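Topology and contacts: notes
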Amino acid sequence: MNIVIDARWIFPEISGIGMYTREFLSELARQDSENKYTLLFNNADVMARTISECQLGTAANMHAELLPYGLFSARGQFALPRFLSARKAHVFHTMNYMMPLLAFPRRRPHRTACVTTIHDVIPLVFPHAAPRSRKAKLFPLFKQLMIDIGKRADVIITDSQSSRNDIVRYMCVNDAQRIHVIYCGVSDRFRQPRPPAGEARPDRTRKVLYVGRADPYKNLSRLVRAFARAREMLPFPVELIMAGSPDSRYPEPQAVAKALGVHEAIHWTGYISDDELLGHYHSADVLVHPSRYEGFGLQVAEAMACGLPVICSNAASLPEVAGDAAVLLSPDDENGFFESLVDVLTDDARAQAMREKGFAQAGRFTWAETVRQTRAIYEALGPASEGTS
């Protein structure tokens with residue numbers, strides 16, 4: 001089979017979807033040496049980096065191709081259908097929602113079958129959650145595009161049952177059998193044992209970790225308020241590490257921190273590498289993730305794999321990912337986040353029990369299984385796509 005995978009979702013600074021794409025390709029190269037894969041890029045440096053990181057250079061069945069147009073280019077909407085036809089592609093897989101619409105009319109089946117991975121539909125569920133984003137400003141157009149994509153795709157892959165339910169509802173996908181839930185994996189780099197701790201002084205500084213973006217739906221102002229209360233209560237110093245960049249469009253968390261006098265105890269890391277993120281997972285005492293919505297919540301699974309206790313919201317997909325290994329709270333339960341922070345940071349036995357449960361829960365999520373299930377979809381679509389028009 002000839003399979004084309006759109007890897008243009010890997011940007012110079014790796015986002016969540018870029019990381020998903022990179023890990024998927026790396027595992028795909030290990031699993032499949034039979035099907036022929038063409039991987040699409042539009043940045044030469046990113047292409048070279050991905051080939052190196054994923055060890056694709058030794059995979060004879062994988063060929064990377066550099067396109068002169070981006071994901072949202074009007075030129076690409078006309079050129080990519082011709083590209084797929086010339087390559088006699090059986091399956092085209094885009095790692096996020098955008099596809100070459102002209103190649104996939106609403107009438108199915110298609111000559112080339114289309115698989116689209118839609119990780120979440122946050123802009124549709126919470127249209128005002130990130131009011132200064134481009135999607136919010138162009139919301140009617142974005143909503144219609146997503147509905148149209150839902151009608152054109154042969155198969156939609158999503159990361160959780162929660163996201164599947166929202167795709168059915170908000171993208172108006174009536175034939176829900178086209179939607180397959182395939183969980184994300186956790187990279188082996190996050191399954192390394194935590195370095196042995198030195199002498200644990202009672203007065204050492206504890207570290208609370210948050211990993212992610214700063215959009216309003218991430219609920220960071222509530223996290224800051226819960227942290228400020230816990231800091232007053234705890235008998236030892238504590239700091240909050242925000243693994244990510246502050247967003248100048250949404251300065252509310254910083255304003256709350258200054259108003260409460262805790263801004264000097266909160267440290268934003270900016271963009272960090274995988275190794276730096278691993279270092280934060282290993283040095284932190286607890287991960288707190290109060291988000292109102294996640295398509296999967298990979299940071300929760302990664303933290304558990306690293307032996308970190310987790311306190312997170314019970315919204316959207318997070319209960320699927322966390323299971324019974326985390327403290328689950330309503331995203332509006334500020335008092336619950338405060339009390340849970342104090343409990344986990346002062347009760348060593350409870351923290352250890354959470355670590356042990358977390359290891360087991362994180363073990364459910366592997367890239368090997370993600371790729372295995374996705375390959376089964378390719379195989380099911382490939383023969384059916386031949387001979388159709």
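Summarised in this report is the structure supplied together with it. (Residues numbered from 1 in each chain as written. Predicted model: local features only at pLDDT ≥ 70, side-chain atom pairs only at ≥ 80, totals over all residues. Heavy atoms only, no water.)

**Digging into the overall build of the chain**
Rule in force here: Think of it this way: any DSSP run of H or I at least four residues long counts as a helix, any run of E at least two long counts as a strand, and we number them from the N terminus. Between the two quantities, the radius of gyration covers C-alpha atoms and the globule rule is 2.2 Å times the number of residues to the power 0.38. It only takes one pair of heavy atoms within 4.5 Å for two residues to be counted as in contact. The charge count treats Lys and Arg as positive and Asp and Glu as negative. His and the chain ends do not count. All charge positions are set by atom: Lys at NZ, Arg at CZ, Asp at CG, Glu at CD.
Scanning the chain from terminus to terminus reveals 15 helices and 13 strands. The C-alpha atoms of the chain give a radius of gyration of 22 Å, which matches the 21 Å a tight globule of 389 residues would have. The long-range fraction of contacts in the chain, counting pairs at least 24 apart against all pairs at least 6 apart in sequence, stands at 72%. Charged side chains of the chain number 45 positive and 43 negative; the gap between the two group centres comes to 8 Å.

**Some thoughts on the pairing of strand S2 (residues 36-41)**
Selection rule: Only protein chains enter the area calculation, which uses a 1.4 Å probe; residues under 20% of their type maximum are buried, those over 50% are exposed, and those in between are partly exposed. Strand pairing follows a simple DSSP-based rule, namely that at least 2 bridges must link the two strands. A clockwise course of the path from the first strand over the helix to the second, judged with the strands pointing away from the viewer, identifies a crossover as right-handed.
Counting buried positions over the six residues of S2 gives five, a clear majority of the element. Of the pairings in the sheet, the one linking strand S1 (residues 2-6) to S2 comprises five bridges and is parallel in character. Across the sheet, residue isoleucine 5 finds its bridge partner in S2, namely leucine 39. Handedness of the S1-helix H1 (residues 16-31)-S2 crossover: right-handed. As paired elements, S2 and strand S3 (residues 62-66) share five bridges and run parallel to each other. Its bridge partner being in S3, phenylalanine 41 is matched across the sheet by leucine 66.

**Digging into the pattern of salt bridges**
Note the cut-off: The term salt bridge refers to a side-chain nitrogen of Lys or Arg lying within 4 Å of a carboxyl oxygen of Asp or Glu.
Summed over all chains, the structure comprises 22 salt bridges. Of the charged contacts, one joins arginine 8 and aspartate 6 as a salt bridge, the two residues approaching to 2.7 Å between their closest N and O atoms. The closest approach of N and O atoms between arginine 22 and glutamate 23, which form a salt bridge, is 3.2 Å. The exposure class assigned to glutamate 23 is buried, which follows from its relative accessible area of 9%. A cluster of three or more residues bridged by salt bridges with shared partners is formed by Arg222, Arg225, Arg292, Asp332 and Glu334.

**Quick notes on the packing of aromatic side chains**
Cut-off, in case you're wondering: Any Phe, Tyr or Trp ring, taking Trp's six-membered ring, that has another such ring centre within 6.5 Å forms a pair; planes under 30 degrees apart are called stacked, those over 60 apart edge-to-face, and the others tilted.
Counting across every chain of the model gives 13 aromatic pairs. Geometrically, the ring pair formed by tyrosine 183 and phenylalanine 365 is edge-to-face, given 5.6 Å between the ring centres and 80° between the ring planes. With tyrosine 183 in the loop between strand S7 (179-181) and strand S8 (206-211) and phenylalanine 365 in the loop between helix H14 (348-362) and helix H15 (367-385), this pair connects stretches of sequence that are 182 residues apart. Taking 5.6 Å as the distance between ring centres and 85° as the angle between the ring planes, the aromatic pair formed by phenylalanine 190 and tyrosine 281 counts as edge-to-face.

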